[in-house]
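Chains, contacts and geometry: an overview
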Amino acid sequence: MEQDPGFIAAVEEARQGLAEGGVPIGAALVSKDGKILGRGHNMRVQKGSAILHMSALENSGRLPASAYEGATMYTTLSPCDMCTGACLLYKVKRVVIGENKSFMGGEDLLKNRGAETVVLDNQECKDLMEKFMKDSPQLWYVLGVWFAGQSASLVSGLANFIINTNCSVRCSGTRISVSNLIRHAYINPIYIWKSNNPSRSRNTFKSKIISF
């Protein structure tokens, strides 16, 4: 499937998104007879939009319902809830996902609603996301939780983000310095608050909030 024209197009779109300074997520919608109906990449950063995730569908234009029957959506990253909903709304039959290590989206919902879901665990897709998260943590990590076990390069990128945005960092309830961040990140969750009084925000930011 990694050699399918639809997946190749999706990866090309992800590369273009990264080159533009955006989130490197690409997608392509392919009809049941193998025709690429539309392709595109995440434009949230480039356009300053909250909803421009679904460029492949947008670039497909207005199509009759029959065009989506048996179609496959190729995407380089696990689809968020909004993109998952769009696939279900248009009755896309199959979703082929480049990787879901950087982010796990609505795959269970797709499966529960009868859509075939295939995860390729593609290395280039993972590399594109890792580079973006390392180089632009201020766009990916908003306010939330940094979980244990991340790679050293991503932890380093987060450390730079904390320094540049004056966030507070706490581990197991104790405030820690950025210099201790990497050591702690491998053994405990790291809680990050953009606040001078983290205790006030503690109940608000209990999960990882991701900006697509």
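As recorded in an unreviewed UniProt entry, the protein goes by the name Cytosine deaminase, listed as coming from Penicillium salamii. Entered under Sequence similarities (unreviewed entry) in the UniProt record, the comment concerning the protein runs "Belongs to the cytidine and deoxycytidylate deaminase family."

This part takes up the confidence of the model for the protein. Here the protein averages 76 in pLDDT, while 65% of its residues score no lower than 70. Predicted confidence for residues 170-174 stays below pLDDT 50, and this span has 14 contacts to residues more than four positions away or in other chains.

Counted by the stated rule, this structure contains 6 salt bridges. A salt bridge links arginine 39 to glutamate 13, with the shortest nitrogen-to-oxygen separation between them at 2.8 Å. Placement of arginine 39 in strand β2 (residues 36-41) and of glutamate 13 in helix α1 (residues 5-19) is noted, with a sequence separation of 26 residues between them. The exposure class assigned to arginine 39 is partly exposed, which follows from its relative accessible area of 31%. The buried category is assigned to glutamate 13, whose relative accessible area is 8%. Aspartate 121 is the partner of lysine 101 in a salt bridge, and the nearest nitrogen-oxygen pair spans 3.4 Å. You can see lysine 101 sitting in the loop between β4 (94-99) and α5 (107-112) and its partner aspartate 121 sitting in the loop between β5 (116-119) and α6 (123-135), a full 20 residues away along the chain. In this structure lysine 101 comes out as exposed when scored by relative accessible area, which is 60%. Among the residues examined, aspartate 121 registers a relative accessible area of 36% and is labelled partly exposed.

Despite not being glycine, lysine 91 has its phi angle at roughly 60 degrees, a positive value. Checked against the element boundaries, lysine 91 lands in the loop between α4 (81-89) and β4. Backbone geometry at aspartate 121 places phi at a positive 55 degrees, although glycine is not the residue there.

Considering the arrangement of structural elements, one finds isoleucine 97 in strand β4. Judged by relative accessible area, which is 0%, isoleucine 97 ranks as buried. C-alpha separation for the pair isoleucine 97 and tyrosine 74, spaced 23 residues apart in sequence, amounts to 6.1 Å. In contact with isoleucine 97, other than residues within four places in its own chain, are Thr75, Leu77, Ser78, Pro79, Glu107, Thr117, Val118, Val119, Leu120 and Asp121.

One can find lysine 126 in helix α6. At 3.0 Å, the side chain of lysine 126 and the side chain of aspartate 121 are in polar contact. Residues within four places of lysine 126 in sequence aside, it is in contact with Glu99, Lys101 and Asp121.

Thresholds, definitions, all that
- Positions within a chain are numbered from 1, following the residues in the order the chain's sequence is written.
- Predicted model: local features are reported for residues with pLDDT of at least 70 only, side-chain atom pairs are reported and counted for 80 or more only, and whole-chain, interface and lining totals are derived from all residues.
- In computing side-chain values, all of the structure's heavy atoms are included and hydrogens and water are not.
- UniProt positions are given in the numbering used here, feature names are shortened, and annotations may be inferred rather than shown by experiment.
- On a scale of 0 to 100, pLDDT captures the predictor's confidence in every residue.
- Any pair of residues with heavy atoms lying within 4.5 Å of one another is described as a contacting pair.
- Any Lys or Arg side-chain nitrogen located within 4 Å of an Asp or Glu carboxyl oxygen qualifies as a salt bridge.
- Helix and strand assignments follow DSSP, with helices taken as H or I runs no shorter than four residues and strands as E runs no shorter than two, numbered in order from the N terminus.
- Here's how the labels work: a residue is buried when its accessible area is under 20% of the maximum for its type, exposed when over 50%, partly exposed in between, all with a 1.4 Å probe on protein chains only.
- Polar contact is the term for a pair of N or O atoms within 3.5 Å; when the atoms are in protein, one must be able to donate a hydrogen and the other to accept it, and sequence-neighboring residues count only if both atoms are side-chain atoms.

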